[in-house]
Structures are given as C-alpha cells and as structure tokens.
Amino acid sequence: MLDLREYQSLGEALRAALERWPDEVCLIEADRERENARLTYSQFKHAALPLAGALQHAGFQSGTRAAIIMTNQSKWLVSAYAIFFCGGVLVPLDYKLTVAEQLQLLAHSKAEFLIVEYHLWRAITQAEGFKRLAARIVLVTEAPANADLAGAKRWEEFVDAREPVFVPRNRQDPACIVYSSGTGGRPKGCVLRHENYLEQCMALTSLYPFSPGVRYLSILPTNHAIDFMIGFIGPFTCGAAVVHLRTLRPEYIREAFTRYKITYMTLVPMVLKNLERGLRQRFADLPKGRRRMLNALISTNRALTRRRPNLKLSRTLLGQVHEAFGGELRAFFVGGAFTEPSTLQFFYDLGIPVGNGYGCTEAGTVITVNDFKPFRADTVGKPLPGMEVKILAPDAEGIGEVAVRGKTIMSKYIDDPEMTAQTIVDGWLMTGDLGRIDATGHLQLFGRKKNMIVTEEGKNIYPEDIENAFEGLAVKEFCVFAANYLWPARSLVGEQLVIVLHPEAGQAISQELIGNVADRNRRLLNYKRISGYLSWDRDFPLTASLKIKRGELAEQIRASVERSAVVPL
Amino acid sequence: MGSLQNTTDEVLRLAAEHFKVPREQLTPDDDFFKKLGINSLQALDLLTRIEHHFKIELPDYELQGVSDFRTLAERIQLRL
C-alpha cells in the first residue's frame, strides 16, 4: 500500500495509486447479472482526467465545492477523483433523501457544481427551489439519448482533451462536507479535512490490510462515510479492487460473492441479519444427518478459533459454507447501527469474522472496531490506532458519555460555530452515545444521551428532521422525540420515534386527528416513521425565539408519564 | 398491457405467495412494511419476484418511498 504519511491530500494519494498499479483492476460495476464496467487503475485515470479537464475549463478552482448525488456506481468514484484532482471540496449527498431535503442541503453547502444521476436529476429539477441554487454547472449521468437536459450537461460528454493541471491541497484543507443530519432544521455539515481521511485510512488498513488482488464488495451508497472510506479510499490506496453492486437484492449479493471472489464487504446490520436468516434456513433444510454433521463442524471450528480466527482451518472444516461466499471471503465489516451479538457470533462460528465497529461521521467514520484478538461479540471493539476514547462522568457501573479525540475528528460543522462548540469541547468530540470501556479496553455501548435513533439500516434519524412532515397538524403544538430520550433505556435495539401532541384547550384527540397523523406518517420513508403518539395537556416550554425547549419538555414528560402511555399508530 | 387493476391484483397475489399470507388479508392500500412485518430488503426480494413475473426490470430506487401495493402497481404499470 501507499505510505499515506507521504501525502498531503486525497487527490495526491489517489493520483499516486493510479500510477503505482496501472494494470490492476480497481473498479468493477455490476448490476444484477450484468457487468457494466471494469476499469484498471490506468483506465480509471483516463476516465477521470478528461472530466477534470472539463471541470477546470468550466472554472472549477481550488476549494470549489461540488456535490454528487448518485446511487452506488463507478461514475461516483470517477467524479470524486476528478473533483479531488482539481483541488475541490466534495459534498456527497444521500440519494435517498427527498428532493426537498436534497435541495436544502445543496443550498446550505453552496455547491457550485452538481453531478447527479438522470432519474434523480429529473426529480430535483421539477422542484421550484432548484432554480435558486448556487450550482452553475450540472452534470447528469446516464441520461437517455433523446432527453432534454434543459441546460444541464451530459456527464459522459463533459470532457476536455487538454491535460488538466493537478491542484495540490494540504492536510488541513477541507476535503469533504458530509451532512450527518439536519435536513429538517439545522443542517449539520461536517467539514472533514484531508488529514482526517488519510489518518483514518492508515489506521484501518493497519488492522485490515488491502492489497492488489483483494476485492471489496460495495453495496452501501458511497455517500455513506463507511463506504467512502472502506469502499473507495482504503482499497484504492492499496491497489485493491472495488466491486460496486447497483442493487441490494439479496439474490444478487449472494451471486456477487462467487462471481467476483469477494475478500471483504461492509454491511449494515439489516443486511447481515438477512444473510444470517438465509443461511439458517438453508441449514435447517438439510437432511438430518448432514445437519448434525454441520453442527458438529461448526462446534469444532468454534472451539478451535476461540482465541483468534484461523481462516485456513475454517475453510477446511466448513468448505461448503465458504464456497457459497466465493471461497476468498476474509471478513465482513458491520457498522452504522447496533448489531446483535448472536448474529456476530453466528458468523464467527462459521469462520467468517465480522469486524463490528462503532463510529460517526463527525469522527471521520470509525472510532472503534473489533480486532479479533480475541473476538468479542458483546463489544464494538477497541479504539483504532491513534484514537483516544474516554467515558465522561461515569456512573457506578462505569457508563457515561463516550468522548473521542484524534487526528480523524472533523474540524467543524460548516457555518455553525455554536453547534461546533457544543460538539467539540477542548478537542474532544462528544458523541452523545453512552458506553463503558471494559478491563481489556473494549468499548461497550448502552444507549444514547442524544435525541435521535439509528435504524437497523444504519440511518441516523433526528426527530427535528421529520417534524416538517407534520406541519399544520390541527393541534396547538407538537414535538417529535426518540422514545429512549424521553424514557432512557439502556438499549440500542428497536429504537422508536414518538410524536407528542398538545391539543388546543377543550380539543380532544379525535380519530380524525390521529388519521391525519397516520396519513402523514405513511408518506415518510418507512424507516423515518413515528411509532406512536402521546397526548400532552400542558404548554410546551419555549425559548425567547419561540423554539421548543426540547430538553425541558422531555424532563416534564419523563416526570409525568410512563412510556406505556404512548399509543401505537 | 393489462389494466392497473389487474396489475394490482397480480402484485397482491405475488406478495401473498411470497410471504405466505392469505391473499384475502391483503388490500391495495395496505402498508406492506407494516402489514407483512417486513423490512426494505425483504421488500426488494418481492420486487425480484415481481420482475420475473411481469418480465420487466425495476431498479431498486423505484421502490424508494413506496410502501403500499397500489403505488407499487402503478410503478410497475409504467414499465409494462
């Protein structure tokens, strides 16, 4: 791999990688049973440089912000490299956000260039707010030949044959603005510097080495901090290959393992659980004798790998299972949300270790990860090399807020010094998560101090962000909370959102009102929906600027009613 | 090309078969996540079955924001 200590920026490191391994495959894009693209490092360079040239010709300068809204595909990475080559700041936006949310973040980021997939572009341009954006150049990928792009340009034709000029950046310059939340109210745009990414990449690859020949299966969207690091920067700076799969369908994921001989893959708990469910079913369907033999082999593997994984041994004992995953799989990584220890143990016992980690965008992705020395299904692992983790104000059981410090921590939230000051205190990032560090240095998580939930799909949902969906509700006031914030629970499983309804004086909570709440709720994406409502008969405490004092209201609710008062929707 | 009504009926039949629930328990306006107790991956699995049945290709993003059978049938109808 490259020695990243020698590089100042992501653009510089990626540029060196493209020169170092010209003939190695770096990127494969698969869609179902089709293969859309296969690029060597040299071909990747020749795909990106004409784009970089065209960007520069169009006025792209050092520090220019460019947003990408695309599904998981090769053009995402080609575009990102071109932006870094030109010294730009990348704004990766979640393609699953609603149009209104995307427009809000585009406006907040002040991105001057936008690279967007055709079907997403069609939706965005229909919105009124699109015309008011700062974006002066819009590049649309995969537009049909006869499509009228109304002033936008075709990504595929946006090329310039002249040699682009590489624009150096230094380690302290911003590399990306990544939005961790805030679509409904106060956007939280994390400014991550080149140093944050380079240091994170060094730390991760010291634990999980990538090299030429290693193939990483990418199914998470690349805008997601985990995939950006482990499915782009990590493999590319080590000469490895990324296999993009443009579908999350379980059957195609299974096929990709064997077709591409996958080495590593990152997934969210929901996908891991789905794989577990499928395997358990296949095991259960085996004839009794074979099932008994398989169970004995699993028990043997478990006993022999108790201290640390032994891939060779596991592949020998459980050959068929490993063949079903292509025979080259070394480990899964899982993060983004809580994973049940039983699921982690299930795969470990099959000889497929799962690097269970914990992190957040503000920390530059990963904070802790399991190092398998030995495997601990009940924890989220140890701090990455270079990362300091401490527990603030621990209670009698040693549980308190997790604070972290290191070279991967973001510099600030863009345009929000107040929230930055609340989040980074004396150089320590306050995560808002509750945890404990055990005697062996492993971090265990127990819940959250902050008002948010994380779904099993790895989505962080902030209640403030979905309140827009309930604007105009026929009540005096309302507020959405994470149920575990109102009634603290030492659990990260099945987190739910609750809407607190305060009707006008004399007004009852009618069926019509609840029907209206349910209708609006149904229009939200399924993982953003509230689970129940709570009737409240007192005025909400407000600030001088008439904003709800959420913490104070939560305290009042907690002191007055039990969680059982929540009525399911 | 069949009518939207036919497409909706077929989608309901396929969902009932796929998730092993009685067909008569499902209606076009049901929120399938809630009614079937499934997550988005399981819904994608159903989408694959639907694709094979109608001999069409529906990208994953077509399911985004869709949670009832009627809207799903409308998305399919557009591609028939």
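That block above? That's the structure.
As the structure is a prediction and not an experimental result, all values here were calculated from the model.

About the thresholds
Residues numbered from 1 in each chain as written. Chains lettered and ligands numbered in written order. Predicted model: local features only at pLDDT ≥ 70, side-chain atom pairs only at ≥ 80, totals over all residues. Heavy atoms only, no water. Pairing = 2+ DSSP bridges. Helix = DSSP H or I, 4+ residues; strand = E, 2+ residues; numbered from the N terminus. Contact = heavy atoms within 4.5 Å. Axes fitted to C-alpha atoms, helices over the stretch in contact; angles between N-to-C directions. Buried area = accessible area lost by both parts, 1.4 Å probe. Salt bridge = Lys/Arg side-chain N within 4 Å of Asp/Glu carboxyl O. Polar contact = N/O pair within 3.5 Å; in protein donor to acceptor, adjacent residues only side chain to side chain. Nonpolar A, V, L, I, M, F, W, Y, C, P; charged D, E, K, R; others polar. Expected span 1.5 Å × (residues − 1). Buried < 20%, exposed > 50% of the residue type's maximum accessible area, 1.4 Å probe, protein only.

### A few points about the sheet that holds strand β25 (residues 477–482) of chain A
All names here are of chain A.
Line of reasoning, step 1. Taking strand neighbours across the sheet as the criterion, the four strands line up as β25-β26-β27-β28 in an open arrangement whose pairing is mixed. Looking at which strands have only one partner, the edges of the open sheet turn out to be β25 and β28 (567–568).
Line of reasoning, step 2. Where strand β27 (residues 532–535) meets β28, two bridges bridge the pair, whose relative direction is antiparallel. From the neighbouring strand, Gly532 faces β28, where its bridge partner is Pro568.
Line of reasoning, step 3. Contacting β25, β26 (497–502) and β27, helix α18 (residues 550–560) crosses the sheet at an angle of about 85 degrees to β25.

### Re the interface of chain B and chain A
Line of reasoning, step 1. In this assembly, 21 residues from chain B lie in contact with 24 residues from chain A.
Line of reasoning, step 2. Of the roughly 1,900 Å² buried between chain B and chain A, counting both surfaces, carbon and sulfur atoms make up 46%.
Line of reasoning, step 3. Sorting the residues of chain B by area buried against chain A places Leu41(B), Tyr61(B) and Gln64(B) first, and these three jointly supply 30% of that buried surface.
Line of reasoning, step 4. At the boundary of chain B and chain A, one finds six salt bridges.
Line of reasoning, step 5. Of the charged contacts in the structure, one is a salt bridge between Arg529(A) and Asp31(B), with a shortest N-O distance of 2.5 Å.
Line of reasoning, step 6. If you look at where chain B meets chain A, you find 13 residue pairs in polar contact (both at pLDDT 80 or more).
Line of reasoning, step 7. Mapped by element, the contributors of at least two residues to the side of chain B that touches chain A are α2 (32–36) and α3 (40–54) of chain B.
Line of reasoning, step 8. The element best represented in the side of chain B that touches chain A is α3(B), accounting for nine residues.
Line of reasoning, step 9. The residue makeup of the side of chain B that touches chain A, split by class, is seven nonpolar, eight polar and six charged.

### With respect to α3(B)
In an α-helix, one full turn covers 3.6 residues, which means residues spaced three or four apart are oriented alike.
Line of reasoning, step 1. Taking 1.5 Å of rise per residue, 15 residues should cover 21 Å, and α3(B) covers 21 Å from first to last C-alpha, within 8% of that figure.
Line of reasoning, step 2. For α3(B), the complete set of buried residues consists of Ser40(B), Leu41(B), Gln42(B), Ala43(B), Leu44(B), Leu46(B), Leu47(B), Thr48(B), Ile50(B), Glu51(B) and Phe54(B).
Line of reasoning, step 3. Buried residues along α3(B) sit against α8 (250–260) and α9 (269–284) of chain A together with α1 (4–19), α2 and α4 (69–77) of chain B.
Line of reasoning, step 4. Where α3(B) begins, the capping side chain belongs to Asn39(B), and its oxygen is found 3.1 Å from the backbone nitrogen of Leu41(B).
Line of reasoning, step 5. Two residues or fewer past α3(B), Lys55(B) is found with a positive phi of approximately 55 degrees.

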